[in-house]
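# Fold and contact review
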Amino acid sequence: MKMENKSYYEDKIRAIDAKVEAIKIAFSPMTFQAIRALIELGLLQKISDAGDNGITIKELAASSGISEYGVGVLCEMALGMGVVKIVDGDDTSSLGRLVLGKIGWFLLEDDCTRVNFNFTNDICYKGAFNLIDSIKNGKPEGLKNFGEKWTTVYEALSTLPEREKKSWFEFDHFYSDVAFPEALPIVYAKKPKNLFDIGGNTAKWAIASCKYDPDVHVTIVDLPGQTAVAQKNAKDAGFADRISFVSGNVLDETTKLPAGANAVWMSQFLDCFSLHQITKILTKIYNSVDENCDVFVMEPLWDMQKYEGESYALQATSLYFTCIANGNSKMYRYGELVEAIEKAGFHLVTAHHNLGSNFYSILNFRKK
């Protein structure tokens, strides 16, 4: 399947523009932190609040209590990045009046950009320095920034500091919850009575399912730390009698999947595993279901995205898996994910693409 983004196949950028992009990459850690400072110090919001009239460095400094020097170096970098623009700069002794640019607007107002930015800063930034070692060793070497005893980020989630935990879960939920309204009619079209939610996390899908279909019973399969949180959430939502739990590592031989599922649901779960592990998980599912069970996999596939920015974000997220999450998984392409699942004995029945604002795909499999 040929990808829609022609830039993957063509190299038509002018040399001078290519150099600019290369320089941006060279300084990207510094420029990222400059924008972080502008946001967290409230300076970018002040520029936005100034509207079309703009605001000067001197005014920004006076209203924020930060030195003109500090405000100046940050705003000059923001100008170079296109985050802010000059509307009145005739006086050569000053930078002029600054207004928010379109890029700056997205940094402040776009939920996707905000979630990605906070996730990168709070979860990925320090660990990214260990990317080379992670590539060499096949282990998430950057995870040690959160403690030495963890082998994957999922084991560490319940112990993360509150800010980091908030950023992780906002990122995780943003890239799945938005597709739920379109996913629910697909999954419940045949009215499955018993659905297994593997990798059920905080029970958001299970709770949404119980609200959507009054007759369904959901069994969440996840790590003990996650099922403890999910159990509380299910009880608080009033569905303690319709959501049950199997605690354990799905890769562990001792973790057995009960029989009786009419449907199996995995939302943004398989990207947490290598292709070999995906086949292993699906083989375990294969052995626990019958020919009438529908297996649904929802993933954002980077080669099936409508816009370049979404594909770029998913490609970057793969690096998080490499150096923070587990060291061996990534955001997959359509063909390679289907192949890994079909190796377990399933066949693809239908594929639904472009679901939600993040352009999710739902792949429906059954036993051959």
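Rules and cut-offs
Residues numbered from 1 in each chain as written. Predicted model: local features only at pLDDT ≥ 70, side-chain atom pairs only at ≥ 80, totals over all residues. Heavy atoms only, no water. Core = buried A, V, L, I, M, F, W, Y, C linked by side-chain atoms within 4.5 Å. Buried < 20%, exposed > 50% of the residue type's maximum accessible area, 1.4 Å probe, protein only. Helix = DSSP H or I, 4+ residues; strand = E, 2+ residues; numbered from the N terminus. Contact = heavy atoms within 4.5 Å. Pairing = 2+ DSSP bridges. Axes fitted to C-alpha atoms, helices over the stretch in contact; angles between N-to-C directions. Phe/Tyr/Trp six-rings, centres within 6.5 Å; stacked < 30°, edge-to-face > 60°. Lys NZ or Arg CZ within 6 Å of the ring centre and 35° of its normal.

What follows concerns the nonpolar core. Counting residues in hydrophobic clusters, the biggest one holds 88 residues, and the most contacted among them are Val264, Met266, Leu282, Ile285 and Tyr320. Looking at this core, the element that brings in the most residues is helix 15 (residues 308–325), giving 7 residues. Residues within four places of Met266 in sequence aside, it is in contact with Ile198, Leu282, Ile285, Val295, Phe296, Val297 and Met298. Leu43, Ile55, Ile57 and Cys75 belong to the second-largest nonpolar core, a separate cluster that totals 22 residues.

Strand order in the open sheet made by the 7 strands is 5-4-3-6-7-9-8, with mixed pairing throughout. Since the sheet does not close on itself, it has two edges, and those belong to strand 5 (243–247) and strand 8 (346–355), each with one partner. Taking the axes of each pair of neighbouring strands and ignoring which way they run, one obtains an average angle of 20° across the sheet. Of the strand pairs in this sheet, strand 6 (residues 263–267) and strand 7 (residues 294–299) are connected by 5 bridges, and their pairing is parallel. Its bridge partner being in strand 7, Ala263 is matched across the sheet by Asp294. Where helix 12 (residues 204–212) meets the sheet, its contacts fall on strand 3 (194–198), strand 4 (217–222), strand 5 and strand 6, and the angle it forms with strand 4 comes to roughly 175°.

In summary, the side chains of a regular strand alternate between the two faces of the sheet. A large share of strand 9 (residues 360–367) lies buried, amounting to 7 of its 8 residues. Bridge count for strand 7 against strand 9 is 5 bridges, and the pairing is antiparallel. Looking at the pairing, Val297 lines up with Leu363 of strand 9. Summarising the sheet, strand 8 and strand 9 pair through 7 bridges and their orientation is antiparallel. Of the residues in strand 9, the one forming a bridge with Leu355 is Tyr360. Following strand 8, the chain reverses through 4 residues before pairing antiparallel with strand 9; Gly356 in that reversal takes a positive phi of roughly 75°.

In this section: the packing of aromatic side chains. Following the criterion strictly, the structure yields 16 aromatic pairs and no others. Their ring planes at 10° and their centres at 3.7 Å tell us that Phe119 and Phe171 sit as a pair that is stacked. Pair noted here: Phe119 is in helix 7 (residues 111–124) and Phe171 is in helix 10 (residues 162–177), with a separation of 52 residues, a long-range link. With respect to class, Phe119 is no different from Phe171; both count as buried. Centroid distance Tyr188 to Trp205: 6.3 Å. Interplanar angle 20°. Geometry classified as stacked. Of this pair, Tyr188 sits in the loop between helix 11 (180–187) and strand 3 while Trp205 sits in helix 12; the two residues are 17 residues apart in sequence, bridging distant segments of the chain. Directly above the ring of Tyr286 sits Lys367, whose terminal nitrogen or CZ lies 4.3 Å from the centroid.

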